[in-house]
Structures are given as structure tokens and as C-alpha cells.
Amino acid sequence: MPRKSKFDKSKTCIKCKTARGNIVIRHAVYCKTCFTPLVVTKYKRCLDPHINAAPDGQRRSTLKASGNLLIGLSGGLGSTVLLDITSRCYFSTKSSTEDGRKGGKAHPKNDRVWKQASVCFVDTSRAFSEGVTKDRSEDIRAMVEQHKEFEFIVLRLEDAFDISWWKQLGGYVPSSDIRANLANEDLVITEAHLQSSDPVASLRSYLSSLPTATAVRSSINTLARLLLLHTARSMQCSHLLLGTSLTSLSISLINSIAQGGGFNVLEESFEEWTPQIARSAQDASSDSPHLAGGVCTVRVVRPLRDIGMKECAAWAWWNGLQVVGKDRTFDPDGKQTIGGLTKDFIVGLERDYPSTVSTIARTCAKLAPKNEPDGQCIVCERPAQRGIQDWKSRISIRSLEPPSPHPPHVASDDPPPISLTPHLCYACHTTLISRSSRSTVQNGAEASLAPLPVWTRSALVESDAADVMGTKRLVDHEDMRNAIGEFLLHD
Amino acid sequence: MPDSQPDSSHSDSNLSQNEPKIPLRVEFSGGLELLFSNQRSHRITLPSTVPHGDGTTKPTDITYLIDWLRRNLLKERAELFTDGATVRPGILVLVNDSDWELEGEGDYQLRPGDEIVFISTLHGG
């Protein structure tokens, strides 16, 4: 049986209807000439409505951002294309007559949308032992230096555990080292005297304490995202642009939902991030223009979210862009994660049923959480759902702790242990505690105490609510079997 | 598409002197070149017809080219380039600057001077 054609009608471009087509995008054929404005239009349609601090409604006014711009560059295909299109559309050095703009050079319409623009690369090479991945920051620096209008910044993933980096950003530094015990779901916090610990060792210790390869990948993404956001805030940026394409957005949506991040499904495509209120209190006095109500807000926009990977690849090739690439593709461990499996599935789906991938993103855009958020998670700094622990306690089998030796009206001499759990969203809590049969760490007391990212430590110390550990505990499989042992039928 | 690297030349070892040949230019991009000795551009020569099952021959097509590249130029991790008789999902193939879906994909019959580009889209955002 002959195979069904991958395009709808003829090989002629459906836009100009004259030229022979060069690319098939979801069954529609476009020529090379029409492809460029198509991509730029999709890009601007995603970004322009979010540039001005207040929406314009129907009126199309001058685009003027309230702060600076930060572009997150991973060296992958999407962010390379993002940098190129952003440079062309908003930072072109052409004169007003050259590119057809009206009003002369001095016309406010021709001002730059953002005063300053920076490109930030988060190097993750030291998250793993030496030789697994290589540091590509110099390759990426060479790529960014072709765009004179952007300042280049390199962050290291270990900065998330570096007190000096946090101090530079004006963050509060606790006087003690705070660690969490990931051996049980209460995530009890212990404090020790602050020692000058090596950020790389802390990062590796944190990652090695995580229960699964999926949790490691997910945590690396969360750390990189927060490093970018805090850097954006410190640089007075109103916008952080990420090179998430339609394909990678669909992957991250499914990946996030599969890991319990359904409450934050909207934040995967567009996010207005506000740092913890307590930490931004010092910003309240600032008169920076992008501070609304004394709180700094960074808009995380993904302008390529309507543009598939195939279009990005064609753009990069036809415009001669050099993609530095990610070592992750050649990392065998990545294939064993939920993210790796989701990626294989979605990329295969895009080849066989190209329209289905955009359906995933469009369907997820219609979802909305049922309940109002109850504060922020102190690990991922995204909205957290209310009453997660109560809900979890209802859906799992638990037993009461042994009675306290003290009567209820007599306070114990020991201070109650502080738990990290009440401050986490469902997804982060699950990431930290969820074990599988292929867990990467041992259960029980053998698991070490994990260091925490600087923003989490800062938020924990500043939090007035030093929550008392819950009195319920999750029953392990052996206890469960013992409890119902007499009712089990023998083979 | 400019390319600063020199081309590497290869030809099919089964080529006879009298058989018509198809000179081709093959390019790898988007990280795929890492699987091919980190060489982006290759000039290769293939026979105009290749064996096809029970003693018959067929004109050389892209399916044969993919198999030839896997056997002769690929240095590591074949699963990152091929998936059965075709390329792995996520690899865009351009034939003379046009999407291979417009040309019949693997059934496209190669012609002398064709430029075939393989671009990986798997390096993410």
C-alpha cells in the first residue's frame, strides 16, 4: 500500500503560491522565502504581548520593556535560534532608513525595547564526575561574541550552593549550614555550624542524595532555572527568554505532569516569577521601573513555543548558525529518566503525526488549577498547592506515631524537629522522596544529609513558620504486610 | 551554507571502473557531526545502481545512502543516527535544500551532484 503523503496538496508554497516548496510544516508546504517571515511572525506573536508592563488590549502601542533582558542560552538548537531571531528583530543595528522604519533615528518608536541585554549560560559540567561532560562555556562565548549587543555571563550549576554568589546578589545568608534528611518523607532539617564548604562538593552531594535518575535530571533543570531567575532579578531584568520550542515545550509539559507538576502546568509555557517576599523586601525601597508594588517580577517568556524543532533546525541551517550542542544527547543515563523517555516518545510522535505535538501544548494551555495557590515552594519557587500533606495522608496508609512519654499539657524539653515538607510543592516533595525499584540511593538511615540550595536555606531561616513535624508517618511495605498478615491467603 | 571545514572524500569500495557513478556531497549538522569523526562535510561517490533483494538491482536512493553512511562513515552509537532502514526521529534531511518529505523521503533516487544534509534536532532548547 502506498504511504500517505506528508504534505496536503502540491509541492508549491501555500503562502506565495508560486515558488516550489522547501519545507513541510505540519502538512503545509512553504518555500524558503516565505519561511523566514512565518517564523518571525510566530516569534513576535508569542513575545510582543508580554513586553509592555501593562497589556495594551486592542491598541498597538510602542513596545517598551520596564527592565532589561536576559536570554538563557544552553547551546542547544532552540536557544541558538532564539538568540539569532532576538538579535535580528530587536537589536538590529540597521539605520531607520535601511530597514524601512519611519520617524528617524530619534523617534521614540525606534528606541530599543530593552536598554540592556545579556546572555546567560549555565554550565552543568561539574554536576557529574570529571570527564562525563565537558565545559562548553568557551565555545558558547565565541558564539555569543558574534552578537556585539549582548553581554555574556557564565553561571555554574554549583553557584546554587555558593554563599559568595548568593551574597553578591544581595541574598540573606544564614549563619548555619542547613541540611535535609531525604531518608523519609518528613525531610527533617538539621543545622550545623557554617563551614566553608566547596560548592561543587555540595552540588554533587545534593544530586547523589536524590532517589532516582529522573529526580537528578529534574533537579538540575530546577537549579538552572532558579540561577537564571535570580540573576535576572539582580540585573534588573523584566524578561527572561528561553529557547523552548513547541516540541520541547510538549516534552516538558508531559514530563512535568508525569512527575507531579500538574498544578504548575501553566508556568511551563509562561511564568511571572516573583522571588520570596521576605527576600525581596529590600527591593521594595528601590525605585526601579519594573518593580510593581515594591516586588520585582521577572516574566519568563518562551517565544519559540509555536515553532517546532524542525523549523528551528531549518532556520539554523539556512541562516548558517553554528549549534554548539549539548552533551546530554550522548549521556546514556538520560535515557532512563521520565524526561528521556518522554522525549523519545514525543520526537517519534512528531515524525509520524506532526500535528499531535502542537495539540499537546494547545490542550495544556487550556488547563487551570482548581484551587488557589498557597504561597511558593522554597525549592522551585513556583506556586504551591494548598493542603498537599493532608491530601497525601488521605490517599496513603499511615499509622500514628507511638504516644509521647510526656502528657499533652507538658511540653517536651527537646525542640520539635523542623520539617522541609510543608514548604514544598507536590512535585518537589515527590522529586526528593520518591523511590523506585531502581533507586540511586539506599533507603533509611544510610542516606546522607543533603545540602540545600542557597535560596532554600535562606527562605527556611526567614520563614516564621518553623513547622513541627507531622505526627503521622508513612507505613512501609513490611509493616503493611504484618498488619494484614492474618487475612492473606497462602499459595 | 558556508563551511569552514575541508571536505573528506570517500567512495564505495565495490565501485567498478565502468559503472556509472554518483558523486554526492553529504553534510552533518546540529551535533550529528560528532558521530562522524567531527567532520561536517563529506564528498562521497556511490554506484548508480545497487543490489535489491533477489538478484535484482535498483537505482541508488537515500535509503541506500543512509545504510552506506552507517556502514562506512559512522564512528559510534549507530542508534543515534539510524532507526531501522531510515534515520532516527528528530533528524531533518534536506535534499538540495528541500525537505526530503517533498522528495519521497528514502525513495528519492540520487543524482550526480546532489547535496544531502542531515540535521539533528535532538539538542533541545
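Source: prediction; values computed, not measured.

### Comments concerning the overall build of chain B
Next, step 1: For chain B, the helix and strand inventory stands at one helix and ten strands.
Next, step 2: In sequence order, chain B lays out its α and β elements as β-β-β-β-β-α-β-β-β-β-β.
Next, step 3: Taken across its 125 residues, chain B has 55% of its residues classed as buried.
Next, step 4: In chain B, the share of contacts with a sequence separation of at least 24, taken over all contacts with a separation of at least 6, comes to 61%.
Next, step 5: Here chain B has roughly 5400 Å² of accessible surface; of this, 46% comes from carbon and sulfur atoms.

### Considerations on the side chain of N22 of chain A
Next, step 1: Turning to its location among the elements, N22 of chain A is positioned in the segment before β1 (23–25).
Next, step 2: By relative accessible area, N22 of chain A is classed as buried at 13%.
Next, step 3: Only 3.2 Å separates the side chain of N22 of chain A from the backbone oxygen of D97 of chain B, close enough to count as a polar contact.
Next, step 4: The residues touching N22 of chain A, leaving out its near neighbours within four places in the chain, are Y30, C31, K32 and W318 of chain A together with D97, S98, D99 and L102 of chain B.

### Some details on the packing of aromatic side chains
Next, step 1: What the rule picks out here adds up to 13 aromatic pairs over all chains.
Next, step 2: Residues Y43 of chain A and Y90 of chain A carry aromatic rings whose centres are separated by 6.2 Å and whose planes lie at 45° to one another, so their mutual orientation is tilted. Note that Y43 of chain A is positioned in helix α1 (residues 32–47) and Y90 of chain A in helix α2 (residues 77–90), a separation of 47 residues in sequence.
Next, step 3: An angle of 75° between the planes, with centres 6.2 Å apart, marks the rings of F28 of chain B and F81 of chain B as edge-to-face. Of this pair, F28 of chain B sits in strand β2 (residues 21–29) while F81 of chain B sits in the loop between α1 (62–72) and β6 (82–83); the two residues are 53 residues apart in sequence, bridging distant segments of the chain. You'll find F28 of chain B and F81 of chain B in the same group, each marked buried.

### Observations concerning the confidence of the model for chain B
Next, step 1: When pLDDT is averaged along chain B, the result is 85; 86% of the residues meet or exceed 70.
Next, step 2: Mean pLDDT across the elements of chain B ranges from a minimum in strand β1 (residues 8–11) of chain B, with 72, to a maximum in strand β8 (residues 91–95) of chain B, with 94.

### So, the confidence of the model for chain A
Next, step 1: For chain A, the mean per-residue pLDDT works out to 80, and 76% of the residues sit at or above 70.
Next, step 2: Contacts of residues 282–295 of chain A to residues separated by more than four positions or lying in other chains number 21 contacts, the stretch itself having pLDDT below 50.

### As for the pattern of salt bridges
All names here are of chain A.
Next, step 1: All chains considered together, the criterion is met by 27 salt bridges over all chains.
Next, step 2: With its nearest N and O atoms 3.3 Å apart, the salt bridge here joins E158 to R126. Taken together, the residues span a long stretch of sequence, with E158 in the loop between β5 (151–156) and α4 (163–168) and R126 in the loop between β4 (117–123) and α3 (137–144) at a distance of 32 residues.
Next, step 3: With a relative accessible area of 5%, E158 lands in the buried category.

### Overview of a nonpolar patch on the surface
Next, step 1: A cluster of nonpolar side chains, namely I484, F487 and L488 of chain A, defines an oily patch on the protein surface of about 310 Å² accessible area.
Next, step 2: Checked against the element boundaries, L488 of chain A lands in the segment after α14 (477–483).

### Observations regarding the state of the cysteines
Residue and element names in this part refer to chain A.
Next, step 1: Taken as a whole and judged by the stated rule, the model has zero disulfides over all chains.
Next, step 2: Free of any disulfide, C377 has its nearest neighbouring cysteine sulfur in C428, separated by 3.7 Å.
Next, step 3: Given a relative accessible area of 0%, C377 falls into the buried group.

### A closer look at the interface of chain B and chain A
Next, step 1: Facing 36 residues of chain B, the contacting portion of chain A comprises 36 residues.
Next, step 2: Together chain B and chain A conceal approximately 3100 Å² of surface at their shared face, both sides included; 55% is due to carbon and sulfur atoms.
Next, step 3: As a salt-bridge pair, E101 of chain B and K310 of chain A come within 3.3 Å of each other at their nearest N and O atoms.
Next, step 4: Put simply, chain B and chain A have twelve residue pairs in polar contact (both at pLDDT 80 or more) between them.

Rules used throughout
- Residues numbered from 1 in each chain as written.
- Chains lettered and ligands numbered in written order.
- Predicted model: local features only at pLDDT ≥ 70, side-chain atom pairs only at ≥ 80, totals over all residues.
- Heavy atoms only, no water.
- Helix = DSSP H or I, 4+ residues; strand = E, 2+ residues; numbered from the N terminus.
- Buried < 20%, exposed > 50% of the residue type's maximum accessible area, 1.4 Å probe, protein only.
- Contact = heavy atoms within 4.5 Å.
- Areas by Shrake-Rupley, 256 points an atom, 1.4 Å probe, with all protein chains shown as cover.
- Polar contact = N/O pair within 3.5 Å; in protein donor to acceptor, adjacent residues only side chain to side chain.
- Phe/Tyr/Trp six-rings, centres within 6.5 Å; stacked < 30°, edge-to-face > 60°.
- pLDDT = per-residue confidence, 0-100.
- Salt bridge = Lys/Arg side-chain N within 4 Å of Asp/Glu carboxyl O.
- Patch = residues over 30% accessible without salt bridge, like charges linked within 9 Å, V, L, I, M, F, W, Y side chains within 5 Å.
- Disulfide = S-S within 2.5 Å.
- Buried area = accessible area lost by both parts, 1.4 Å probe.

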